[in-house]
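# Understanding the architecture of this molecule
Residue-level listing of the chains:
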Amino acid sequence: MNAGIDVLPMSKTIKKPVLEATGLGKTFNLSRAVGGQRRVVAVDAVNLALCAGSTVALVGESGSGKSTVARLLAQLLPASAGVVRLHGEPVHPRTGRQRRRYVGEVQLLLQDPFASLNPVHTIRYQLTRVLRLHGNRSGRQRVEEQLEELLSTVQLHPASQFLDKYPHELSGGQLQRIAIARTLAASPSVLLLDEPVSMLDVSIRLGILNLLATLKQQQELAILYITHDIASARYFADEILVMYRGHVVEQGPSESVTQHPTHPYTQLLIESAPDPARRGRNAAEVAGIGQGGGAASAATPTGCPFARRCPYAMPVCSTEMPAVSAVDTEGHEVRCWLNTPESANQRRVPLH
Ligand code: SF4
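Residues numbered from 1 in each chain as written. Predicted model: local features only at pLDDT ≥ 70, side-chain atom pairs only at ≥ 80, totals over all residues. Heavy atoms only, no water.

## Here's the deal with the pattern of salt bridges
Scanning all chains against the criterion turns up 8 salt bridges. The partner of Glu-195 in a salt bridge is Lys-66, and the shortest N-O contact between them spans 3.8 Å. Of this pair, Glu-195 sits in the loop between β7 (190–194) and α9 (202–219) while Lys-66 sits in helix α2 (residues 66–73), placing them 129 residues apart in sequence. By the burial criterion, Glu-195 is buried, and Lys-66 matches it. Arg-124 is the partner of Glu-144 in a salt bridge, and the nearest nitrogen-oxygen pair spans 2.6 Å. With Glu-144 in helix α6 (residues 140–153) and Arg-124 in helix α5 (residues 123–133), this pair connects stretches of sequence that are 20 residues apart. For Glu-144, a relative accessible area of 24% translates into the label partly exposed. (Salt bridge = Lys/Arg side-chain N within 4 Å of Asp/Glu carboxyl O. Helix = DSSP H or I, 4+ residues; strand = E, 2+ residues; numbered from the N terminus. Buried < 20%, exposed > 50% of the residue type's maximum accessible area, 1.4 Å probe, protein only.)

Set out below in structure tokens:
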């Protein structure tokens, strides 16, 4: 396994992490029938720290491993390597009450609000069930007040209009607000948001992101925001981690990563953002982004995972994984030979 990008120094994050992953890895063993591969490294040595009242965005295309990271943190998948710590304590595979306590603290919000709610139960039933599952023993009158408070928190007024409805009677935006209310019913300290707006109409995405930003501030939530849209990550997150083929290839403060992208893959992600002023094929299409180019692949790759597509690839890129190097003194770091002192001495012989 390759060493991952170091967690930002504590002096940069100020607060202690609520949820922290160190050297997190996941390898899937597949049968020969699946593409002829035996092992697929989906996540390799990822380090991240989620602090109260701040958002870390995990950005990458489909198959880059970002959703697997969320499932590892949510304990839905067993990790192949690494440690997850909640409030500084290592988290082990759990069952029963311990697992319920962890799930209450670390809530996962899924991409598809239509699939995440049970179609045969009313909103009232589904929210009440979560309150009860996570130890709420209040009487019926108090629970009714709490349901109204939850819907008010996600800006669905009046509550009576929504509580007795079934999921199919609500719009996508209303359903995602209900799904958010359901996560809040468990009183979490961490929210893992897996592409929370990608299935919603463009017109309502901003409203949901603004709601999540407000909740982060009001409830001091530590948030992991998973997205393929680096523009929304810049808007919503304090820090960005860019993933490619299971590796974090660049990370740092959102403004710095998006304004001064240093890794060629990050540059291509930014160029792939829709821009009406740009015509024809953009750089991302040329490099295969969005066409499965970033999907995890066979185990034990050598060299930089982006070497096959990188327009700046040098001979060393195919044989040696670049080390992590600092881009600035504010925590912006990158894993690319172009940013190392050695690269200045190399003859840059493009491979493509
Ligand atoms: Fe491109 Fe080499 Fe940098 Fe990888 S290490 S991104 S192949 S220049």
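## Let's talk about the nonpolar core
Across soluble globular proteins, you tend to see nonpolar side chains buried next to one another. Counting 59 residues, the largest nonpolar core has Leu-151, Val-154, Ile-180, Leu-193, Tyr-225 and Ile-240 as the members making the most contacts within it. Ranked by the residues each element gives to this core, the list is headed by helix α8 (residues 172–184), at 6 residues. The contact partners of Val-154, leaving out residues within four places of it in the chain, are Arg-177, Ile-180, Ala-181, Leu-184 and Leu-211. Counting 31 residues, the second largest nonpolar core, distinct from the first, contains Ala-21, Leu-73, Ala-74 and Leu-108. (Core = buried A, V, L, I, M, F, W, Y, C linked by side-chain atoms within 4.5 Å. Contact = heavy atoms within 4.5 Å.)

## What about the site of the ligand?
Near the ligand you find His-263, Pro-264, Cys-304, Ala-307, Cys-310, Tyr-312, Ala-313, Cys-317, Pro-322, Cys-336, Trp-337 and Leu-338, and these make up its full shell. Among the cavities detected, the one that contains the ligand is the largest cavity. Along the lines of polarity and charge, the residues of the shell around the ligand split into 11 nonpolar, 1 polar and no charged. (Near = heavy atom within 4 Å. 1 Å grid on protein atoms, 1.4 Å probe; cavity = no way out; pocket = protein on both sides within 12 Å on 5 of 7 lines; lining within 4 Å. Sits in = over half its atoms within 2 Å of the grid points. Nonpolar A, V, L, I, M, F, W, Y, C, P; charged D, E, K, R; others polar.)

## Some points on the layout of surface pockets
Considering only enclosed or pocket space, the largest pocket measures out at about 560 Å³ in volume. Forming the boundary of the largest pocket are 22 residues, of which Val-103, Gln-107, Leu-108, Val-130 and Arg-182 lie nearest the centre. Put simply, the parts of the chain that give the lining of the largest pocket at least two residues each are α3 (96–105), β6 (106–109), α4 (113–116), α5 and α8. Grouping the constituent residues of the lining of the largest pocket by class yields 12 nonpolar, 7 polar and 3 charged. (Points joined across faces, edges and corners; volume = space filled by probe spheres on them.)

## Structural notes on the sheet that holds β7
Here 8 strands make up an open sheet; going across it, the order is β6-β7-β8-β3-β9-β10-β12-β11 and the pairing mixed. With partners counted over all chains shown, the strands left at the sheet margins are β6 and β11 (324–326), one partner each. Shown here is a sheet whose adjacent strand axes are inclined to one another by a mean of 20 degrees, direction ignored. Inspection of the sheet shows β7 paired to strand β8 (residues 222–227) by 5 bridges, in the parallel sense. Within β8, the residue paired with Asp-194 across the bridge is Ile-226. Each of β3 (54–59), β6, β7, β8 and β9 (239–244) touches α2; the most contacted strand, β8, lies at about 150 degrees to it. Lying on the sheet, α8 is in contact with β6 and β7; it crosses β6 at an angle near 170 degrees. (Pairing = 2+ DSSP bridges. Axes fitted to C-alpha atoms, helices over the stretch in contact; angles between N-to-C directions.)

## Concerning the environment of Ile-178
Relative to the elements of secondary structure, Ile-178 occurs in helix α8. Take Ile-178: its relative accessible area is 1%, and that puts it in the buried class. When the C-alpha positions of Ile-178 and Pro-113 are compared, they lie 8.5 Å apart, and in sequence the two are 65 residues distant. Residues contacting Ile-178, with those up to four places away along its chain left out, are Leu-117, Ile-123, Leu-127, Leu-151, Leu-156 and Leu-170.

That is the geometry; function is a separate question.
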